[in-house]
Amino acid sequence: MTKPILIVGGGPAGLAAAHALASIGQPSVLVEKTEILGGAPIQSGYAKLVPSGQWAKDAIGGMVKRVAAGNLVDKRLGATVKAFNGEPGGFVAELSDGSRLEAGAAILATGFTHFDSVNKPEWGFGTYPDVVTTTQVEQMISSGKGVRCLSDGRKPKRVAILLCVGSRDRQIGREWCSKICCTVSANLAMEIREELPETHVYIYYMDIRTFGLYESDYYWRSQEEFKVKYIKARIAEVTSDGRQLIVKGEDTLVKRPITIPFDMVVHAIGMDPNVDNLTISAVFGVDLHRHGYIARQDAYGIAGATSRPGVLVAGAAVGPETIDDSIAQANAAALSALAAARGGTLMQAAE
Amino acid sequence: MPIHEKSLIRPENLKTHDNLVIDGINVSGHWSTFIEPRVVTDYNESLEDEIAALPGAENIHRCWQCGSCTNSCTINAIEPRFNPRYWIYLIRVGMESELLRDKDIIWQCVSCNKCTYACPRDVMPEGVMKATAHWLELKGYTPKSPAMHFDEEFTEQVVKRGRIEDTEVLRGFFRRTGQPLLQDWLVEVGWRVAKKLPVLWGIKMALAQVFRPRTRGWRRAQAAIEEYIHEQENERREALGLIGATAANDNADVRKPEAAE
């Protein structure tokens, strides 16, 4: 009989992999370091998801319920993997609670860490209470409290969303595009305009990367239906005159310096590699990408392969990723994991 | 300062003093040129709404600044300052004082509509140019040009009578533009015509000045045309909240653009 598949991480990818395996009768063990399943969308309190428009607590909550209801998924909450030894088909994992378990293969669905805006002090986060992150605005919306200035609870009349905070920035070693923030910001801008129609929302961008169908559904729609304004400028600094925030930069399309007052500034924060990746790399013996994500081994053969046979990876653990694609990758990795656990391997792509 | 950088700065922002001493240091002459910064300090958020309320500019908010309009523009090819992409941006963002700097260029659009067909987002830049020109006029930012005075005199006569009287058009034009009727060249023309004057033609012309004939059955056409013109005019005024204000038809009404911030 095939040994259970070890799944590390209880976010969208981990939940999707567990469900996929359960749906074909394959047992798995789901190890989640926190006490809550659902990953970033649940733990960070996201509002409406792209592209479904469903509330995160309903969409991802449904995935959690589906996994929680079945008996083929052994849930280990508040636990981490301390050691992982053996070969495909016969791994042994030791958990932080002291338990040991056998696994035929492992799927790392360990996700990402939100960029900490304190690392860009010139943009005022941590200095001015009305400088917030996209995650905080998501929480304002999902909690039902609405978008308000944290300093005094007033409704902001003018909101600036700064893109690429913690992305595409060599100064802080973030040489990647976090992929989802343009779309998330356009989505948030529309949600702000929906709640506060009198509020003007400006998005400060270097490029707009609402890839694929997000172009018309988010970028165009936010401009055409919600009158969100896009200004091509990378902001130099966010300060305050004591009453309002002052955003300074250069409007590159008119070649003019700008010093514009705002009530609220939102950092569209990027997706960092999971802060635990060095540990994960050491425990599972997998290589990391040079930017710190878990390295993918084989793009065209074994879906989700890492540098170690029998250890697969899916979702934002390999780099900035959408929820949809994380789920798709998890399903693919589940198939690869099952093959590895049964002693077979999916063929590498022919060279 | 390198010469090429100086050319980027508007001349009025370059300050030199013939005789200036600050804290005992002589900063006279062009070796001590000061540059006044011209920072944008706020957005006028009603600018886009105002112009978008005028016919033709309804889609202005769709613009994403690709520059297809400017690239395809007939006028831009011969007048590089004519830049629809740039003006659409100023309007969208609300940089009114910047827009007003170009008020004497914007009307030069010839409505070839190449931009209309080049625009990937259906912004209809030609319509925006037209609307912006109307906006400048309705807000009193631009004086009427001589050509416009002529057009108005001409149109008024056509609307009233379905025809024009050359002499009267000319007289009206001079009156509207504050010019004397007895211009040297006109006197000369008069003399030369008088020398070989067909008397009957002269009498006809003189009678036309008195009786002001109308095209047959013109009254109904006049009423319809006038109604349409008023409707259009009111629609635009209403869009800008100018209802009740009298038509700005004197140069004296021209508002000065606000000083740069």
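**Q** Quick question: what am I supposed to make of the nonpolar core here?
**A** In globular proteins that are soluble, nonpolar side chains generally tend to be buried together. Membership of the largest hydrophobic core comes to 93 residues, with the highest contact counts inside it found for Tyr204(A), Tyr43(B) and Trp135(B). It is helix H5 (residues 181-195) of chain A that contributes the most residues to this core, eight residues altogether. Excluding anything up to four places from it in sequence, Tyr43(B) contacts Arg158(A), Tyr202(A), Tyr204(A), Ile231(A), Ile258(A), Ile260(A), Phe262(A), Val93(B), Gly94(B) and Met95(B). Core analysis: the next-biggest nonpolar cluster, separate from the first, contains 33 residues, Tyr46(A), Met63(A), Ile302(A) and Ala340(A) among them.

**Q** What is the right way to read helix H10 (residues 146-161) of chain B from this model?
**A** For an α-helix the count is 3.6 residues per turn, leaving residues at separations of three or four pointing the same way. Residues and elements named next belong to chain B. With 16 residues, H10 extends 23 Å between its outermost C-alpha atoms, agreeing within 8% with the 22 Å of an ideal straight helix rising 1.5 Å per residue. Each element contacted by the buried residues of H10 is listed here: helix H11 (166-176) and helix H14 (218-239). Two residues or fewer after H10 comes Gly-162, characterised by a positive phi angle close to 75°.

**Q** Could you clarify how one ought to interpret the domain arrangement of chain A in this entry?
**A** Interface size, as often reported, equals the accessible area lost upon joining of the parts. Residues and elements named next belong to chain A. Split by domain assignment, chain A resolves into domain 1 (5-111 + 274-350) and domain 2 (117-271). Each of domain 1 and domain 2 has a C-alpha centre, and these two points are 32 Å apart. With both sides pooled, the region where domain 1 packs onto domain 2 buries about 1,500 Å², and carbon together with sulfur makes up 59% of that total. A per-residue breakdown of the area domain 1 buries against domain 2 is headed by Val-50, His-291 and Pro-320, which together make up 33% of the total. Our count for the contact surface shared by domain 1 and domain 2 stands at one salt bridge. Note that Lys-179 and Glu-321 form a salt bridge whose closest N and O atoms lie 2.8 Å from each other. Where domain 1 touches domain 2, the interface holds eight residue pairs in polar contact (both at pLDDT 80 or more). Residues that form the side of domain 1 that touches domain 2 fall into these classes: nine nonpolar, four polar and four charged.

**Q** What exactly am I supposed to notice about the pairing of strand E6 (residues 100-103) of chain A here?
**A** Two faces make up the sheet, and in a regular strand the side chains alternate between them. Residues and elements named next belong to chain A. Burial of E6 is one-sided: the residues Leu-101 and Ala-103 facing one way are buried, the residues Arg-100 and Glu-102 facing the other way are not. Both strand E5 (residues 90-95) and E6 contribute to a ladder of four bridges, which runs antiparallel. Bridge pairing in E6 places Val-92 opposite Glu-102. Hairpin connection of E5 to E6: four residues between the antiparallel strands, including Gly-98 at a positive phi of 95°.

**Q** Hey, could you run me through the interface of chain B and chain A in this one?
**A** Between chain B and chain A, the residue contacts involve 25 residues of the former and 25 residues of the latter. Of the roughly 2,300 Å² buried where chain B meets chain A, counting both sides, 49% is carbon and sulfur surface. Three residues, Tyr43(B), Glu45(B) and Tyr89(B), lead the burial of chain B against chain A; their summed loss comes to 28% of the area buried on that side. At the surface where chain B touches chain A, the tally comes to six salt bridges. Here Glu48(B) ties to Lys229(A) by a salt bridge, and the two come within 3.4 Å at their closest N and O atoms.

Conventions and cut-offs
- Residues numbered from 1 in each chain as written.
- Chains lettered and ligands numbered in written order.
- Predicted model: local features only at pLDDT ≥ 70, side-chain atom pairs only at ≥ 80, totals over all residues.
- Heavy atoms only, no water.
- Core = buried A, V, L, I, M, F, W, Y, C linked by side-chain atoms within 4.5 Å.
- Buried < 20%, exposed > 50% of the residue type's maximum accessible area, 1.4 Å probe, protein only.
- Helix = DSSP H or I, 4+ residues; strand = E, 2+ residues; numbered from the N terminus.
- Contact = heavy atoms within 4.5 Å.
- Expected span 1.5 Å × (residues − 1).
- Domains from an automatic or database assignment.
- Buried area = accessible area lost by both parts, 1.4 Å probe.
- Salt bridge = Lys/Arg side-chain N within 4 Å of Asp/Glu carboxyl O.
- Polar contact = N/O pair within 3.5 Å; in protein donor to acceptor, adjacent residues only side chain to side chain.
- Nonpolar A, V, L, I, M, F, W, Y, C, P; charged D, E, K, R; others polar.
- Pairing = 2+ DSSP bridges.

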